[in-house]
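Spelled out, the chains give:
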Amino acid sequence: MDFIFNGISASSIGIKVLNTKRSILPDIRDQYETVPGKIGSYLFAQPFGDRIIEIECAFVSQTADTILQDARKISAWLSTNKKAQLILSKETDKYYMAKVSNKVDIDQTLYLGQFSIQFTCEPFAYSLDDNIQQFTAQPGATQGIYNNGTAETNPVISIIAAWGDVKNPKLTINDTIFLYNGTITNNSQIDINSENFTVYKGMDRDIATTGGYDPAEDSILALIDGEFPALQPGPNSLIFSCENGVNADIKIQFKERWI
C-alpha cells in the first residue's frame, strides 16, 4: 500500500503504509426536529460534512540517532497551509482534497518509528482527469451527457459561435434553464462556470485580439436569467436553443465526483 500527498508518495521517502481507515460516508450533518404529538421527527437535510481518512505508517532509520532527522523530513512533507491532493494506492484515478489535522505523534522503538496521520478531507473523491465533451448543437435537439460519478457535479460550459452570431442562447440541462440575454458574435464564446457562479466572454478571443484578458470587464453575469446547471449522477440531457435558430458548438468540462 502507498499514498501520494501534495505530489510526493510515502514510499519515495521510505514510509511503509500499515493500514488505511476510510469511512463509507462523510460526516452526516442532517438535523432532526421533534414536534410534540407527532410520530417520529422532521428531517432537515444538510450538505455533507468533511471526511476523515486515517493512515497508519512506519519507517526505519539507519540509526536510532537519525530517527528525529527523518521525522523532520516527514513533518516538512505533511505541513501545508491549505488543502492538497491525497491519492490512495487503491484508487489511483481519484483524489481527495485534504489537510493533516492531527499532531502526528511518533512511537519510537530503536530504529523503528510508527505514527498515524489523520487527514480531514472534502466529502467527495474527484477524478484526476476532467471529462471534456464538445459537439455541434442544433436548436431543439437533445444531447446526452453521462456523469460516471455518484455525486452531483458542477460543469464549465462554453457556448461557441462557430456558425454565425448566436442571439439569446438558452441551455436546458435536465430541468434547469440558463439564458444569456445577449448576442455571442461570430467566432467568439461565453464561458459558464457552475462551480464559481461566473459567466464571462471567452478569454481566447480577448487574448488574440487585444493581447490581454480582464475578467472584470468581461463578466456578463448581469445578463443571465435562470440557474447555473449541474450534472446529476448517470445520464443527463442538454438542449440548446437561440432566438435566431443557428447551430452552436458546445464544450462541456466537468470533474466527476464520488461519495
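That block above? That's the structure.
Structural notes, computed from the coordinates.

This part covers the overall build of the protein. Of the regular secondary structure elements, the protein holds three helices and 24 strands. The globule rule puts the C-alpha radius of gyration for 259 residues at 18 Å, and the 24 Å found for the protein is more than 25% above it. Oriented by its inertia axes, the alpha-carbon framework of the protein measures out at about 80 × 65 × 30 Å. In the protein, which comprises 259 residues, the proportion classed as buried is 37%. In the protein, the share of contacts with a sequence separation of at least 24, taken over all contacts with a separation of at least 6, comes to 69%.

Read from one edge to the other, the open sheet built from five strands follows the order 12-23-14-19-20, with strand pairing classed as antiparallel. The sheet terminates laterally at strand 12 (131-137) and strand 20 (198-201), the two strands that pair on one side only. Taken pair by pair, the neighbouring strands of this sheet meet at an average axis angle of 15 degrees, ignoring direction. The pairing of strand 19 (residues 189-193) with strand 20 spans four bridges and is classified as antiparallel. Looking at the pairing, Asp-191 lines up with Tyr-200 of strand 20.

Quick look at the nonpolar core now. By size, the foremost hydrophobic cluster in this structure holds 26 residues, and its most contacted members are Phe-3, Leu-78, Leu-86, Ile-117 and Phe-119. The residues contacting Leu-86, other than those within four sequence positions of it, are Phe-3, Ile-4, Phe-5, Ile-53, Lys-94, Tyr-95, Tyr-96, Ala-98, Phe-119 and Cys-121. Counting 25 residues, the second largest nonpolar core, distinct from the first, contains Ile-157, Tyr-180, Ile-250 and Ile-252.

Tallied over the full model, the rule gives six salt bridges. Among the ionic pairs, Lys-201 bridges to Asp-218, the shortest N-O distance being 3.8 Å. Of this pair, Lys-201 sits in strand 20 while Asp-218 is found in helix 3 (residues 215-218), placing the two residues 17 residues apart along the sequence. Exposure remark for Asp-218: the relative accessible area of 6% places this residue in the buried category.

Bringing a nonpolar patch on the surface into the picture now. A surface patch of nonpolar side chains, amounting to about 380 Å² of accessible area, comprises Ile-24, Leu-25, Ile-28 and Ile-259. Relative to the assigned elements, Ile-24 resides in the loop between strand 3 (15-22) and strand 4 (31-33). Since its relative accessible area comes to 72%, Ile-24 is described here as exposed.

Scoring rules and cut-offs
- Residues numbered from 1 in each chain as written.
- Predicted model: local features only at pLDDT ≥ 70, side-chain atom pairs only at ≥ 80, totals over all residues.
- Heavy atoms only, no water.
- Helix = DSSP H or I, 4+ residues; strand = E, 2+ residues; numbered from the N terminus.
- Rg over C-alpha atoms; globule rule 2.2 N^0.38 Å.
- Buried < 20%, exposed > 50% of the residue type's maximum accessible area, 1.4 Å probe, protein only.
- Contact = heavy atoms within 4.5 Å.
- Pairing = 2+ DSSP bridges.
- Axes fitted to C-alpha atoms, helices over the stretch in contact; angles between N-to-C directions.
- Core = buried A, V, L, I, M, F, W, Y, C linked by side-chain atoms within 4.5 Å.
- Salt bridge = Lys/Arg side-chain N within 4 Å of Asp/Glu carboxyl O.
- Patch = residues over 30% accessible without salt bridge, like charges linked within 9 Å, V, L, I, M, F, W, Y side chains within 5 Å.
- Areas by Shrake-Rupley, 256 points an atom, 1.4 Å probe, with all protein chains shown as cover.

Keep in mind these numbers describe shape, not what the thing actually does.
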